[in-house]
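Reading the structure
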Amino acid sequence: MIKLKESVEKLQAYFVNDVPYRVKLDANEGSNYLLKDGFKIDSFKPNLYPDSDSKVLREKMARYYGCSPENIMVGNGSSELINTVINAFCEKGQKVMSFVPSFSMYQTYCDLCGAEYVGLETERDFSQNIDKLIAEGRKQNTKIIILCNPNNPTGYVTPREDVVKLLDSINNSLIILDEAYADFSEISVIDLIDKYENLIVMRTLSKAFGLAGLRVGAMIANEKTVKYIWKVKIPYNINILSQHAAEQALDNIDKVKEYTKRVKELRQELRESLKELNFKVYPSGGNFLFVKSPIENLFEKLMARGVLIREFKFDTVYNRITVGTEEENKILIEEIRELM
Ligand code: PMP
């Protein structure tokens, strides 16, 4: 076989648990509430390339995110945009730093382009010490710092004053705020993109909008930075169907707000139920809970009962459970009770 390049030869493919299930609480997807009756497509021309600049979509996103269309670049999920930015800014060997545990794909994107990923340990309670990040970021001369806020998988929310401190302290590294879950916590720094030229915010329609299957994400930064990065945008990256559907979704912001409010209520209810069952439940600003279970091998045991959650092995075993619908959460709790 022809060999892959050295930096990617050691990679493991992204693991997706492809087993039959009754309840899927393993990938932080949203519910299908926005376009559940399908979406309307009056006329579209599949023979033509889509609008490469996603103009209408960016206009509608700008209204939701409180910025202007010139501040936005759309990607095939925020995954594509994170990869593109790391690739565009990092020469081989340059450093990209984030806390660990955090979203595991940051390391993969670094490996893909030969950047060096540096993971900075969170505290024992998974809180993130911003002074440590600032000190290490400076010391190690990092090209990019990525802060996932709220953090996946731990749910930790970095307070706004800490994010501002980071931005005030570091101006010679790119700072990416991965806000994939910010819709569930109202913690966002999109309003600061004009103040800090080195700030890039990543958002996605995969979670709060319940549109993971469409693959639509957004990179939000000041106009100069967006224009600069446009050089490396893949042409026609968002297909026609996804553009149309995402535009319609963005015409229903009231429903999105209603939904995220409901998820927060359900998150609180699920937290209480799990605590009653002697789980350690960490504070979470996302549409998921990060937990330590009193039941050994919970992941496998629930999977055998058709309930999918995620397992993480750090110092010990932890689980991440997506907040489902009321019905899904009920099934989860019933199955856990039976296992006890
Ligand atoms: N960032 C974080 C923290 C995530 O958890 C995810 C998805 N799991 C992404 C980015 C990528 O999301 P998408 O590509 O669906 O926009």
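Counting from 1, residues in each chain are numbered in the order their sequence is written. Where totals are concerned, whole chains, interfaces and linings use all residues; where local detail is concerned, this predicted model gives features only for residues with pLDDT of at least 70, and gives and counts side-chain atom pairs only at 80 or more. The side-chain values count all of the structure's non-hydrogen atoms but skip hydrogen atoms and water molecules.

What follows covers the site of the ligand. Definition of nearness: a residue and a molecule or strand are near each other if at least one heavy atom of the residue lies within 4 Å of the molecule or strand. Surveying the vicinity of the ligand reveals 13 residues, the closest of which are Ser-78, Ser-79, Asp-178, Thr-204 and Ser-206. A distance of 2.6 Å is found between a nitrogen atom of the ligand and a side-chain nitrogen or oxygen belonging to Asp-178. For the area figures, the Shrake-Rupley method with a 1.4 Å probe applies, and any residue is considered shielded solely by the protein chains shown. Contact with the protein chains covers 93% of the free accessible surface of the ligand, which is 400 Å². Segments assigned H or I by DSSP are reported as helices when at least four residues long, segments assigned E as strands when at least two residues long, and all are numbered from the N terminus. Ranked by residue count, the leading element in the shell around the ligand is helix H3 (residues 77–89), at 3 residues. Asp, Glu, Lys and Arg are counted as charged, while Ala, Val, Leu, Ile, Met, Phe, Trp, Tyr, Cys and Pro are counted as nonpolar; the rest, among them Gly, fall into the polar class. Taken together, the residues of the shell around the ligand break down into 4 nonpolar, 6 polar and 3 charged. We call two N or O atoms a polar contact when they sit within 3.5 Å, provided that within protein one can donate a hydrogen and the other can accept it, with sequence-adjacent residues counted only if both atoms are side-chain atoms.

Attention now moves to the pairing of strand S5 (residues 144–148). Only protein chains enter the accessibility calculation, which uses a 1.4 Å probe. A residue is then buried if its area is under 20% of the maximum for its type, exposed if over 50%, and partly exposed in between. Here S5 lies mainly inside the structure; 5 of its 5 residues are buried. Every second residue of S5 is oriented toward a common face, with Ile-144, Ile-146 and Cys-148 on one face and Ile-145 and Leu-147 on the other, all of them buried. Pairing of strand S3 (residues 95–100) with S5 involves 3 bridges; the strand directions are parallel. Bridge assignment links Ser-98 to a residue of S5, and that residue is Ile-146. DSSP calls a pair of strands paired once it identifies at least 2 bridges connecting them. In this sheet, strand S6 (residues 174–178) lies alongside S5 in parallel orientation, the contact comprising 5 bridges.

This paragraph deals with unusual backbone geometry. The linkage connecting Asn-149 with the following residue, Pro-150, adopts the cis geometry, with an omega of -10°. Its location among the elements puts Pro-150 in the loop between S5 and helix H6 (160–169). In this model, Ser-54 sits at a positive phi of 45°, which is unusual for a non-glycine residue. Although it is not a glycine, Arg-215 adopts a positive phi angle of roughly 60°. Among the structural elements, Arg-215 can be located in the loop between strand S7 (199–204) and strand S8 (217–221). Judged by its relative accessible area of 31%, Arg-215 is partly exposed.

Ranked by internal contacts, the top residues of the largest apolar core, which has 76 residues, are Met-61, Tyr-65, Phe-209 and Leu-274. The element best represented in this core is helix H9 (residues 253–276), accounting for 7 residues. A domain assignment, automatic or from a database, supplies the domain bounds used here. Shared between two domains, this core takes at least three residues from each, and those domains are domain 1 (6–32 + 254–339) and domain 2 (55–252). By convention a nonpolar core is built from buried Ala, Val, Leu, Ile, Met, Phe, Trp, Tyr and Cys residues, the set being connected through side-chain atoms within 4.5 Å. Counting 27 residues, the second largest nonpolar core, distinct from the first, contains Val-85, Cys-110, Ile-146 and Met-202.

Residues of helix H5 (residues 130–139) that are buried: Ile-130, Leu-133, Ile-134, Glu-136 and Gly-137. Of the surrounding secondary structure, the elements contacted by the buried residues of H5 are S3, strand S4 (116–121), S5 and H6. Two to three positions downstream of the cap, the backbone nitrogen of Asp-131 sits 3.0 Å from a side-chain oxygen, assigning the N-cap of H5 to Asn-129. The positive-phi residue at the C-terminal boundary of H5 is Asn-141, with phi of around 50°. The contact rule is simple, with two residues in contact once any of their heavy atoms fall within 4.5 Å.

A side chain of one charge can pair with a side chain of the opposite charge when the charged atoms of the two come close. Counted as salt bridges are all cases of a side-chain nitrogen of Lys or Arg within 4 Å of a carboxyl oxygen of Asp or Glu. Enumeration over the complete set of coordinates arrives at 23 salt bridges. Between Asp-131 and Lys-165 there is a salt bridge, and its shortest N-O distance comes to 2.6 Å. Of this pair, Asp-131 sits in helix H5 while Lys-165 sits in helix H6, and the two are 34 residues apart along the sequence. Taking relative accessible area as the criterion, Lys-165 reaches 37% and is therefore assigned partly exposed. In this structure, Glu-197 engages Lys-224 in a salt bridge whose closest nitrogen and oxygen atoms are separated by 3.3 Å.

One full turn of an α-helix is made of 3.6 residues, so residues set three or four places apart face in the same direction. Asp-162, Val-163, Leu-166 and Leu-167 are the residues of H6 that are buried. Burial along H6 is one-sided: seen end-on, the buried residues are contained in an arc of 140°. Residues of H6 that are exposed and angled more than 90 degrees away from the buried face: Glu-161 and Asp-168. In this description, one arc is meant: the one made by directions from the helix axis to the C-beta atoms.

Looking now at the domain arrangement of the protein. Once the domains are mapped, the protein shows domain 1 (6–32 + 254–339) and domain 2 (55–252). Taking the mean C-alpha position of each, domain 1 and domain 2 sit 23 Å from one another. Between domain 1 and domain 2, the residue contacts involve 31 residues of the former and 32 residues of the latter. Buried area: the sum, over both parts, of the accessible surface (1.4 Å probe) that disappears when the two are put together. Summed over both partners, the interface of domain 1 with domain 2 buries about 2,300 Å², with 61% contributed by carbon and sulfur atoms. At the boundary of domain 1 and domain 2, one finds 3 salt bridges. With a shortest N-O distance of 3.6 Å, Arg-124 and Asp-315 are connected by a salt bridge. For the pair domain 1 and domain 2, the interface holds 8 residue pairs in polar contact (both at pLDDT 80 or more). Here the side of domain 1 that touches domain 2 gets 8 residues from one element, more than from any other, and that element is H9. Here the side of domain 1 that touches domain 2 is composed, by residue class, of 14 nonpolar, 9 polar and 8 charged.

In spatial order, the strands read S2-S8-S7-S6-S5-S3-S4; together these 7 strands make up an open sheet with mixed pairing. Single-partner strands in this sheet number two, and they are strand S2 (72–75) and S4. Geometrically, the sheet is characterised by an average inter-axis angle of 20° between neighbouring strands, direction not taken into account. In this structure, S7 lies alongside S8, joined through 5 bridges in antiparallel fashion. Each residue of the ladder has a partner; that of Ile-200, found in S8, is Ala-221. Here the axes come from fitting lines to C-alpha atoms, over the contacting stretch only for helices, and the angles between their N-to-C directions go from 0 to 180 degrees. Sheet contacts for H3: S2, S3, S5, S6, S7 and S8; angle to S7, the most-contacted strand, approximately 155°.

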